[in-house]
Amino acid sequence: QVQLVESGGGLVQPGGSLRLSCAASGDIFRNNGMGWYRQAPGKQRELVANITPTGVTNYLDSVKNRTTVSLDTTRNTVSLLMNDLKSEDTAVYYCNARLRRNLLDPTTDYWGQGTQVTVSS
């Protein structure tokens, strides 16, 4: 079994910052990358940022100049730091991990339970 446990989120004022963290645990043979997605009410889930074990990153255009994603492969933990938060950043944020559980296992997407981020004064 694999579990993803998220922390962070909550209510943040416009212009503020937040850090989200997510730790994957359980049967992990190989970590092929982790990241964060978000879903606002009435909208599709979208990628916010992800990172591979070699440090290759992808960012949503609207956040890339104010967001940093980092990965600790020794602890299978991904962190997301977002600055200058805006009301349009309000969403449920989901951790994603692309993992293999053993040598014969294909890479599989695992998801956290989601954490609410609300940007409001």
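Rules used in this analysis
In this numbering scheme, every chain counts its residues from 1 along its sequence in written order. Predicted model: local features are reported for residues with pLDDT of at least 70 only, side-chain atom pairs are reported and counted for 80 or more only, and whole-chain, interface and lining totals are derived from all residues. Excluding hydrogens and water, the side-chain figures rest on all heavy atoms present in the structure. For the purposes of this entry, the term helix denotes a DSSP run of H or I that reaches at least four residues, the term strand denotes a run of E that reaches at least two, and both are numbered from the N terminus. Radius of gyration here uses only the C-alpha atoms, and the compact-globule reference equals 2.2 Å multiplied by the residue count raised to the power 0.38. Exposure categories follow from relative accessible area, calculated using a 1.4 Å probe and restricted to protein chains: below 20% of the type maximum is buried, above 50% is exposed, and the middle band is partly exposed. Note on definitions: a residue-residue contact is assigned when non-hydrogen atoms from the two residues lie within 4.5 Å. For accessible areas, the Shrake-Rupley method is used with a probe of radius 1.4 Å. Any residue's cover is judged against the shown protein chains and nothing else. Asp and Glu are treated as the negative residues and Lys and Arg as the positive ones, with His and the ends of the chain left uncounted. To locate a charge, take NZ of a lysine, CZ of an arginine, CG of an aspartate or CD of a glutamate. Any two cysteine sulfur atoms within 2.5 Å of one another count as a disulfide. Like charges are joined within 9 Å and nonpolar side chains (Val, Leu, Ile, Met, Phe, Trp, Tyr) within 5 Å, but only among residues with over 30% relative accessible area and no salt bridge; these make up the patches. Here, a salt bridge means any Lys or Arg side-chain nitrogen found within 4 Å of an Asp or Glu carboxyl oxygen. The nonpolar core is taken to be a set of buried Ala, Val, Leu, Ile, Met, Phe, Trp, Tyr and Cys residues, with the residues joined through side-chain atoms within 4.5 Å. Pairing between two strands requires that DSSP report at least two bridges joining them. Angular values range over 0 to 180 degrees, each being the angle between N-to-C directions of two axes fitted as lines to C-alpha atoms, with helices fitted over their stretch in contact.

Caption draft 1: The arrangement of the overall build of the protein chain in detail. When helices and strands are tallied, the protein chain shows 0 helices and 11 strands. Of the regular secondary structure in the protein chain, the N- to C-terminal order runs β-β-β-β-β-β-β-β-β-β-β. A compact globule built from 121 residues should have a C-alpha radius of gyration of about 14 Å, and the protein chain, at 14 Å, falls within 12% of that. Taken along its principal axes, the extent of the C-alpha atoms in the protein chain is 50 × 25 × 25 Å. The proportion of buried residues among the 121 residues of the protein chain is 40%. Considering only intrachain contacts with a sequence separation of at least 6, the fraction spanning at least 24 residues in the protein chain is 56%. Accessible area for the protein chain stands at about 6,600 Å²; split by element, carbon and sulfur atoms hold 46% of it. Of the charged side chains in the protein chain, 12 are positive and 10 negative, and the gap between their average positions amounts to 2 Å.

Caption draft 2: Representation of the state of the cysteines in the model. Considering all chains together, one arrives at 1 disulfide under this definition. Two residues, Cys22 and Cys95, share a disulfide whose sulfurs are 2.1 Å apart. Handedness of the Cys22-Cys95 disulfide follows from its S-S torsion of about -85°: it is left-handed. Taken as a pair, Cys22 in strand β3 (residues 18-26) and Cys95 in strand β9 (residues 91-100) lie far apart in primary sequence, 73 residues in all.

Caption draft 3: Layout of a nonpolar patch on the surface. A surface patch of nonpolar side chains, about 370 Å² in accessible area, is lined by Phe29, Leu103 and Leu104. When you line up the elements, Leu104 lands in the loop between β9 and β10 (108-111). Exposure remark for Leu104: the relative accessible area of 80% places this residue in the exposed category.

Caption draft 4: Spatial organisation of the nonpolar core. One finds Leu4, Met34, Trp36, Val78, Leu80 and Tyr93 to be the most contacted residues of the largest nonpolar core, which totals 29 residues. Among the secondary structure elements, those contributing two or more residues to this core are β1 (2-7), β3, β4 (30-39), β5 (46-51), β7 (67-72), β8 (77-82), β9 and β11 (115-119). Contact partners of Leu4, with chain neighbours within four places excluded, come to Cys22, Ala23, Ala24, Cys95, Asn96, Ala97, Tyr110, Trp111, Gly112 and Gln113.

Caption draft 5: Quick peek at the sheet that holds β1. The antiparallel open sheet is built from 4 strands, whose spatial order is β1-β3-β8-β7. Looking along the sheet, the strands with just one partner apiece sit at the ends: β1 and β7. Recorded for the sheet is a direction-independent mean angle of 15° between the axes of neighbouring strands.

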